[in-house]
Amino acid sequence: MIKDILDKKRLGNSLTKKELEFIFMGYLKGIVESCQMSSLLMAICIHGLSRREVFDLTDIFIKSGEVLDFSDLSGIKVDKHSTGGIGDKTTLVVAPVVASLGIPVIKMSGRGLGYTGGTIDKLESIKGFRTDLSNQEIHDAVSKIGIVITGQTADLVPLDRAIYALRDITGTTSSIPLIAISIMSKKIAGGADKILLDVKYGKGALISTIDDAKSLGDLMVEIGEKYGREVRYVMTDMNTPLGSCVGNSIELVEAVDVLRGVSKGALYDLCVELASHMVSMAKKISVSSAEKLVIEVLHNDEAYKKFVQLVKNQGGDINSATVSLDKFEVFSKKSGVIKGIDALEIGKLSLCLGAGRLTQDDIIDHSVGIFIEKNVGERVDIGDLLMTLYINRKNKFKVKDTIFDIQ
Ligand code: URA
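The rules we used
- Residues numbered from 1 in each chain as written.
- Predicted model: local features only at pLDDT ≥ 70, side-chain atom pairs only at ≥ 80, totals over all residues.
- Heavy atoms only, no water.
- Near = heavy atom within 4 Å.
- Polar contact = N/O pair within 3.5 Å; in protein donor to acceptor, adjacent residues only side chain to side chain.
- Areas by Shrake-Rupley, 256 points an atom, 1.4 Å probe, with all protein chains shown as cover.
- Helix = DSSP H or I, 4+ residues; strand = E, 2+ residues; numbered from the N terminus.
- Pairing = 2+ DSSP bridges.
- Axes fitted to C-alpha atoms, helices over the stretch in contact; angles between N-to-C directions.
- Contact = heavy atoms within 4.5 Å.
- Left-handed = near helix turned anticlockwise from the far one by under 90°.
- Nonpolar A, V, L, I, M, F, W, Y, C, P; charged D, E, K, R; others polar.
- Disulfide = S-S within 2.5 Å.
- Buried < 20%, exposed > 50% of the residue type's maximum accessible area, 1.4 Å probe, protein only.
- Right-handed = clockwise from strand over helix to strand, strands pointing away.

Student: Which residues make up the site of the ligand, and what are the values?
Tutor: Around the ligand, the structure places H81, T83, Y164, R167, I179, S182, I183, K186 and L206. Residue H81 places a side-chain N or O atom 3.5 Å away from an oxygen atom belonging to the ligand. For the ligand, whose free accessible area comes to 240 Å², the fraction covered by protein is 92%. Mapped onto the shell around the ligand, the elements with two or more residues apiece are α8 (158–169) and α9 (176–189). With four residues, the top contributor of residues to the shell around the ligand is α9.

Student: Talk me through the sheet that holds strand β6 (residues 245–247); I want residue IDs and the actual numbers.
Tutor: What the four strands build is an open sheet, ordered β6-β9-β11-β7; its pairing is antiparallel. Lying at the two open borders of the sheet, with one neighbouring strand each, are β6 and β7 (327–331). Ignoring which end each strand starts from, the neighbouring axes of this sheet average 15° apart. Across the sheet, helix α11 (residues 249–259) is in contact with β6, β9 (369–372) and β11 (385–390); its angle to β6 comes to roughly 140°. Relative to the sheet, helix α15 (residues 343–353) contacts β6, β9 and β11, its axis offset from that of β9 by approximately 140°.

Student: Lay out the packing of helix α7 (residues 135–145) against helix α14 (residues 302–313) in plain terms, naming residues and giving numbers.
Tutor: Two elements in contact, α7 and α14, have axes separated by 11 Å at closest approach and are oriented at 145°. Handedness of the α7/α14 crossing: right-handed. In this structure, α7 uses A141, K144 and I145 to contact α14, whose residues at the interface are K306, Q309, L310 and N313. When its residues are assigned to classes, the contact of α7 with α14 shows three nonpolar, two polar and two charged.

Student: Pulling in residues and values, what's your account of the state of the cysteines?
Tutor: As enumerated under the stated definition, the model contains zero disulfides in all. Looking at the unpaired C45, the closest cysteine sulfur is the one in C35, lying at 17 Å. For C45, a relative accessible area of 28% corresponds to the partly exposed category.

Student: Describe the environment of G65, with residues and values.
Tutor: You can see G65 is positioned in the loop between α4 (51–63) and β1 (78–82). Along the primary structure G65 and P158 are separated by 93 residues, whereas in three dimensions their C-alpha atoms are 5.9 Å apart. The residues touching G65, leaving out its near neighbours within four places in the chain, are D155, V157 and P158.

Student: Hey, could you go over the pairing of strand β5 (residues 230–237) for me, with residue numbers and the actual values?
Tutor: Inspection of the sheet shows strand β4 (residues 194–201) paired to β5 by eight bridges, in the parallel sense. Its bridge partner being in β5, V199 is matched across the sheet by M235. Between the parallel elements β4 and β5, the chain passes through helix α10 (residues 210–226) in a crossover that is right-handed.

Written out as structure tokens, the structure is:
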């Protein structure tokens, strides 16, 4: 039976819901072996899935665990999700901005894996900050202060956890239907009313081209419609890291600077765009009206105060995140204008420094990271400082000359 299903997909045919359920749930229960599941995932990567298969499989994913219901909490609950990028700390800014405007935010985030970081790791740079809240604690936090950022509960879409781990080691992460199912099953099971997606494309993203980013965004909107959820998406370039910092503590510090209105640039602009869409959906106002509200709370300290409240409520000490005192400076060997900064190479370097993990069980060092001193478009001379690496002397790393494209 399993072999028949694999043959069917290998030849590019569609599977019935029964067949999909048999093989995917069989894998979760340990009946289907990982080599068989891997073979199916690769066939899906090559042949894709029909719309009907995507909807069926999303349903199977959602029903593999508990479905959260926050309908007893008043207000329209909006969630956001990014397909993953280097230096992406937007949740740390956007969630408190939106909550400071009276919109309840229940954000379940993940840990970093491979070259991309995770919001939960960044928050765990704060001593004491709890990211393992129970459903009751999530409810209590939202009722009390209108915001919670926590890790996914073990029971939320367990099938995705199992399949994602396998995709990660079998070269099957970039399949558009598999990404759409993975993200949307978690968002729908997480109980949000409205969902904003940040679809990344480029060197540092799972998806390379803007056309593929659009196909992924459109597919996720369609899945959302099936479940009666309003879904919007923005597409963002991930050829260059987002902002100037990559790591954990160091990204937290950068996010706080944006929250206090101190830091401007690409990170600030994207945070304003994302938050404006979320506020627009929740308050049913235009994006430009929402943008005015967002900019106001970023400049009158209301968003920052909400972040402080969030940290305190989840047991953290806001002043405790530390960046390593050991530094390694990288200087330019060329003169010219910076045409690009390779996001993927920055992600790999950050991983070698110890800021990321190769397997789910690796321990990360929150204090290491990268500060990009010069950005795209700037002129540099030989000997100018390009990056400062905050390092842990135990970790070996090598800095490639090709990270900065200077012409
Ligand atoms: N983020 C997810 O949650 N799943 C994917 O497959 C890709 C990005």
